[in-house]
Amino acid sequence: MKRIAGKNLVLIGFMGTGKTEVGRLLADALNRKMVDTDRLITQREGMPVREIFSSRGEAFFRSVEKQVVAELAGLRSLVISTGGGVVLDRENVVRLRESGFVVWLDADLDALRRRLQDDVTRPLLQGGVELDTLYRARLADYQAAADVRVDTSDKSPLAVVEEVLQLLQ
Ligand code: S3P
C-alpha cells in the first residue's frame, strides 16, 4: 500500500456512490480507523444532516463540514469518507489532497437514480434540483480533486474495495 503509507485515504464522490460503506470495508481491510465527515457533523450538532439543513441552512452545514475537514486533514493514516459536497470548497480540496490519497467513487446516472430514488435523508434531493443537474455540475470538481477514479456502477461494495486496494499497491 505504498501510495498511502503514513497518509490518509480519502473517499470523495457523489451521493449514493457508496463512500461510507466502502470506507468502512477499506478501513477493515487496511486495519485503519474510518471517519465519516457527515457522521462527525451529526454528532457535533446533535441532529441528522437533513435537520441541520432545515433548521440552520446549507451554509451553516458547509461551515461545520469545513471545520471537520480541516481537523481530519491534520491527522494521519485514517480512511476518511466525505459528504458529496465536500469538493465544492477549494480549501477542503487542498487540505484533503495534502493529507492523503484521494479516491473518487463514481457511478453512472442510472445507477445513482436507482440507489437514491427512495432516499429521504439527503436534503439536496428532496426538492428542486434534479439529480442529473447536480451530478453534472459537480463532475469537474470531483475530477480535479481526485488522484484516481473508480466506477462503482453495477459493482458490489466488496468489488469496489478490491479495485481500490489494487490501485493502492
Ligand atoms: C451532500 C451529500 C451528503 C451530505 C449532505 C450534502 C452533497 O453526503 O453531506 O446531504 O452536497 O452532495 P453523502 O454524499 O454521504 O450522501
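Sequence order as written defines residue numbering, which begins from 1 separately in each chain. This being a predicted model, a pLDDT of at least 70 is required before a residue's local features are given, and a value of 80 or more before pairs of side-chain atoms are given or counted; all residues contribute to the totals for chains, interfaces and linings. Hydrogens and waters are ignored; side-chain quantities use all the structure's heavy atoms.

Engineer: Help me get a handle on the site of the ligand, residues and values and all.
Structural biologist: In this text, near means that some heavy atom of the residue lies within 4 Å of the molecule or strand in question. Around the ligand there are 13 residues in total, and Lys-19, Asp-38, Arg-62, Arg-122 and Arg-138 lie nearest to it. Side-chain polar atom of Arg-122 to an oxygen atom of the ligand: 2.7 Å apart, as the coordinates give it. Residue polarity is assigned by list, with Asp, Glu, Lys and Arg as charged and Ala, Val, Leu, Ile, Met, Phe, Trp, Tyr, Cys and Pro as nonpolar; anything else, Gly included, falls into the polar class. Taken together, the residues of the shell around the ligand sort by class into 5 nonpolar, 3 polar and 5 charged. By the criterion applied in these results, polar contacts are pairs of N or O atoms within 3.5 Å in which, for protein atoms, one can donate a hydrogen and the other can accept it, and in which residues neighboring in sequence qualify only through two side-chain atoms.

Engineer: Break down the environment of Leu-26 for me, citing the residues and quoting the values.
Structural biologist: Only runs of H or I of at least four residues qualify as helices and only runs of E of at least two qualify as strands under DSSP, and these elements are numbered from the N terminus. Tracing the chain through its elements places Leu-26 in helix H1 (residues 19-30). Note on exposure labels: buried denotes an accessible area under 20% of the residue type's maximum, exposed denotes more than 50%, and partly exposed covers the range between, all computed with a 1.4 Å probe on protein chains only. Note on Leu-26: relative accessible area 0%, which makes it buried. Considering only alpha carbons, one finds Leu-26 and Leu-105, 79 residues apart in sequence, at a separation of 13 Å. Should any heavy atoms of two residues lie within 4.5 Å, those residues are considered in contact. Among residues more than four places away in sequence, those in contact with Leu-26 are Leu-9, Leu-11, Val-161, Val-164 and Leu-165.

Engineer: Any details on helix H4 (residues 58-73)? Residues and values, ideally.
Structural biologist: Its 16 residues place the ends of H4 22 Å apart at the C-alpha level, agreeing with the 22 Å of an ideal helix rising 1.5 Å per residue. All of the buried residues along H4 are Phe-61, Arg-62, Val-64, Glu-65, Val-68, Val-69, Leu-72 and Ala-73. Down the axis of H4, the buried set is contained in an arc of 165 degrees. They therefore lie on one face. Any helix carries an expected span of 1.5 Å times its number of residues minus one. Taking the helix axis as origin, the arc is that swept by the directions to the C-beta atoms.

Engineer: I'd like a rundown of helix H6 (residues 109-116), residues and numbers included.
Structural biologist: Turning to H6, its buried residues number three or more, namely Leu-109, Ala-111, Leu-112 and Leu-116. Within H6, the buried residues cover an arc of 160 degrees as seen down the axis, which keeps them to one side. Where the residues of H6 are buried, they touch helix H7 (131-145).

Engineer: Residue-level account of the sheet that holds strand E4 (residues 100-106), with values.
Structural biologist: Note on pairing: two strands pair once DSSP finds at least 2 bridges between them. Across the sheet, which stays open at both edges, the 5 strands sit in the order E2-E3-E1-E4-E5 with parallel pairing between neighbours. The sheet is open, and its two edges are formed by strand E2 (33-36) and strand E5 (148-151), each paired on a single side. Across the sheet, the mean angle separating the axes of adjacent strands is 25 degrees when strand polarity is ignored. Seen against the sheet, helix H2 (residues 37-45) touches E2 and strand E3 (78-81) and runs at an angle of roughly 65 degrees to E2. To obtain each axis, a line is fitted to C-alpha atoms, and for helices this fit is confined to the stretch in contact; angles are then taken between N-to-C directions over 0 to 180 degrees. Against the sheet, helix H5 (residues 90-99) contacts strand E1 (8-12) and E4, and its axis sits at roughly 115 degrees relative to E4.

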